[in-house]
Amino acid sequence: MAKVRLILDTRKSAKSAANGLYPVALRLFHRKTRIIRLPYFSSPAGWDDKYMRMKKSAFKNNHIDCDKANEKIYDKLHAAHKLIVELGDSINSVDADTLVVYIRKEWDKKVDTKIRDDVDNGITLSQWGKVIIDRKLRSNKPGTASWYAGAIRSITKLNGGKDLRLNEITVTLLTNFQIEHKAKSSSKNGISSYLRAVRAIYYSAIKEDQFYPKKNPFQHFKIPTSRRTKKKAISKMEFIKIRDVNYKEGSPVWHAKNYALVMFNCRGMNFIDLVKLQVKDITKDRIFYGRSKTGDQLSVRITEELREILNFYTEGKSMDDYLFPANYDGSTKHYEKYKSLRRRMNGHLKTIAKDAGIEEHFTTYTIRHSWATIAKFMGISTEVISEGLGHNSLKTTQIYLKSFTNQILDEANEMVVT
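Conventions and cut-offs
Residues numbered from 1 in each chain as written. Predicted model: local features only at pLDDT ≥ 70, side-chain atom pairs only at ≥ 80, totals over all residues. Heavy atoms only, no water. Phe/Tyr/Trp six-rings, centres within 6.5 Å; stacked < 30°, edge-to-face > 60°. Helix = DSSP H or I, 4+ residues; strand = E, 2+ residues; numbered from the N terminus. Buried < 20%, exposed > 50% of the residue type's maximum accessible area, 1.4 Å probe, protein only. Salt bridge = Lys/Arg side-chain N within 4 Å of Asp/Glu carboxyl O. Pairing = 2+ DSSP bridges. Axes fitted to C-alpha atoms, helices over the stretch in contact; angles between N-to-C directions. Contact = heavy atoms within 4.5 Å. Expected span 1.5 Å × (residues − 1). pLDDT = per-residue confidence, 0-100. Core = buried A, V, L, I, M, F, W, Y, C linked by side-chain atoms within 4.5 Å. Parallel < 35°, antiparallel > 145°, perpendicular 65-115°, else oblique. Nonpolar A, V, L, I, M, F, W, Y, C, P; charged D, E, K, R; others polar.

**Here we look at the packing of aromatic side chains**
Next, step 1: Enumeration according to the criterion identifies 15 aromatic pairs in this entry.
Next, step 2: Aromatic pair Tyr202 and Phe218: ring centres 5.4 Å apart, planes at 65°, arrangement edge-to-face. In this pair, Tyr202 sits in helix H7 (residues 188-207) while Phe218 sits in the loop between H7 and helix H8 (236-244), placing the two residues 16 residues apart along the sequence. Here the two residues Tyr202 and Phe218 agree in accessibility, since each one is buried.
Next, step 3: Centroid distance Phe239 to Phe264: 3.8 Å. Interplanar angle 15°. Geometry classified as stacked. With a gap of 25 residues between them, Phe239 in helix H8 and Phe264 in helix H9 (residues 252-265) connect regions that are remote in the sequence. Side by side, Phe239 and Phe264 carry an identical accessibility label, which is buried.
Next, step 4: Ring pairing ties together the aromatic residues Trp254, Tyr259, Phe312, Tyr313 and Phe324, which thus form one cluster.

As structure tokens, this is what we get:
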């Protein structure tokens, strides 16, 4: 026979980010244990586990009418127990997850407006967004944290500067946000980016049981598709021109040229990964590094050109030293330093492109796209390119390379007809 009882869910993952308290829950055991959280919260000191109730005397329970709350949670327990008894021996034909569904349906028949209001009027976008942002900052992902923060500011501004409860995010609100920003001539990509950030926060709150939506607006509102920006790539011949440009050894633009060649030799390495490299990342004939964006570990065999550049930068350094003068420790604290480094690097690349007679816009990201498109032109499979770039899925690479298709087809057509 299945068993149910009321508990305080004191697991770390269950703790509310909004009030620091733990949810009261129904614990079901039916071959497996399942926890069903209820819309009431208490501190461990405010929960009487023996009698399965919230203590009226506990200081932290002064935010709630404990008599009413206990009455409601007992109703939940009684309804679940009654269902189990009524199912009798037939309960053995269902698993624990199915039984949870039946219990929730039984509760839905009896749930009153007060409880629905308690559920709906829960955590706000800024409250849960702060939790997500803090996690990203602690994980040394300040760029992602900034993305979330910008989206929250933008949608809050639409609401007159007032914070939004998650249940206040509706199809109407999202539509108004899109129209408002279109009227301001905001880019389609910018609007899409903000809405995707809001959606990520919203879904995270649902996944972690911080919010229970009646209707998910993102299932009924289509976020505008980002317009694929023109891929900025230069040809292999133009990279040869970069190799032939000479600068005074040790000058900033000389270092920038070396960085560009290192990134190209390392399969279009991102600039942020380059400036985090340390001498110990070089092992015999390979460079090992973790992608900052995904955390995936990559390994690149050192080419002859790359070895020549590395020999200069490794001379006289210990294993824990940064490989290049433009170093960054990957921390949130020094993220502004990284952005400054990237800005200067792009300035130097502009100079290099001009000196090499390259007309295309040339930035750190051009190098990554160039490696990919050169590989594509050479007939290397998308699967191999995907692994080389460190993408987590082939779909990402297919989107990444899609805008190169017409140029490849045009060149193929000319080869056929001429």
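**A closer look at the pattern of salt bridges**
Next, step 1: Taken as a whole and assessed by the stated rule, the structure comprises 13 salt bridges.
Next, step 2: With a shortest N-O distance of 3.6 Å, Glu168 and Arg165 are connected by a salt bridge.
Next, step 3: Given the relative accessible area of 28%, Arg165 is considered partly exposed.
Next, step 4: The residue Asp320 makes a salt bridge to Lys280 at a minimum N-O spacing of 3.3 Å. Taken as a pair, Asp320 in the loop between helix H11 (304-314) and helix H12 (335-355) and Lys280 in the loop between helix H10 (271-275) and strand E6 (282-283) lie far apart in primary sequence, 40 residues in all.
Next, step 5: Accessibility expressed as a relative area gives 41% for Lys280, which makes it partly exposed.
Next, step 6: Here the salt bridges do not stand alone but share partners, grouping Asp9, Arg11 and Arg37 into one network.

**Quick word on the sheet that holds strand E7 (residues 286-290)**
Next, step 1: The strand order E6-E7-E8 describes an open sheet built from 3 strands, whose pairing is antiparallel. Of all the strands in the sheet, the pair left with one neighbour each is E6 and strand E8 (297-301).
Next, step 2: Here E7 runs beside E8; their pairing, made up of 5 bridges, is antiparallel. The residue bridging Phe288 from the neighbouring strand is Ser299, located in E8.

**As for the sheet that holds strand E1 (residues 3-8)**
Next, step 1: The antiparallel open sheet is built from 3 strands, whose spatial order is E1-E2-E3. Taken across any chain shown, the strands that pair with only one partner, and hence form the sheet edges, are E1 and strand E3 (32-42). Going from strand to strand, the sheet's axes swing by 20° on average, the running direction of each strand aside.
Next, step 2: By the bridge criterion, 6 bridges tie E1 to strand E2 (residues 22-30) in an arrangement that is antiparallel. What sits directly across from Arg5, in E2, is Arg27.
Next, step 3: Contacts from helix H1 (residues 66-87) reach E1, E2 and E3, with the element oriented near 160° to E1.

**Focus: the pairing of E2**
Next, step 1: Of all 9 residues in E2, 7 are buried; the element is thus mostly enclosed.
Next, step 2: Between E2 and the antiparallel strand that follows it, E3, lie 1 residue; Arg31 among them carries a positive phi value of about 70°.

**Here's the deal with H12**
Next, step 1: The terminal C-alpha atoms of H12 lie 30 Å apart, and with 21 residues this matches the ideal 30 Å at 1.5 Å per residue to within 8%.
Next, step 2: Considered for burial, the residues of H12 that qualify are Tyr335, Tyr338, Ser340, Leu341, Met345, Leu349, Ile352 and Ala353.
Next, step 3: Backbone geometry just downstream of H12 places Gly357 in the positive-phi region, at approximately 75°.

**Notes on the confidence of the model for the protein**
Next, step 1: For the protein, the average pLDDT comes to 83, and 88% of its residues sit at 70 or higher.
Next, step 2: Scored below 50 in pLDDT, residues 112-121 shows 18 contacts in the model against residues more than four places distant or in partner chains.

**A few points about unusual backbone geometry**
Only a minority of non-glycine residues have a phi that is not negative, and only a minority of peptide bonds are not trans.
Next, step 1: In this model, Arg31 sits at a positive phi of 70°, which is unusual for a non-glycine residue.
Next, step 2: Mapped onto the secondary structure, Arg31 falls in the loop between E2 and E3.

**What to know about the nonpolar core**
Next, step 1: Counting 52 residues, the largest nonpolar core has Ile242, Phe271, Leu274, Ile287 and Phe324 as its most contacted members.
Next, step 2: Ranked by residues supplied to this core, first place goes to H9 with 9 residues.

**Points about the packing of helix H4 (residues 125-138) against H7**
Next, step 1: Close contact between H4 and H7 brings their axes to 10 Å; oriented N to C, the two are set at 90°. Considering their axes alone, H4 and H7 lie roughly perpendicular with respect to each other. Listed contacts from H7 to Leu125, Trp128, Gly129 and Ile132 of H4 are Val198, Ile201, Ser204 and Ala205.
Next, step 2: When grouped by side-chain class, the residues that make up the contact of H4 with H7 number 6 nonpolar, 2 polar and no charged.

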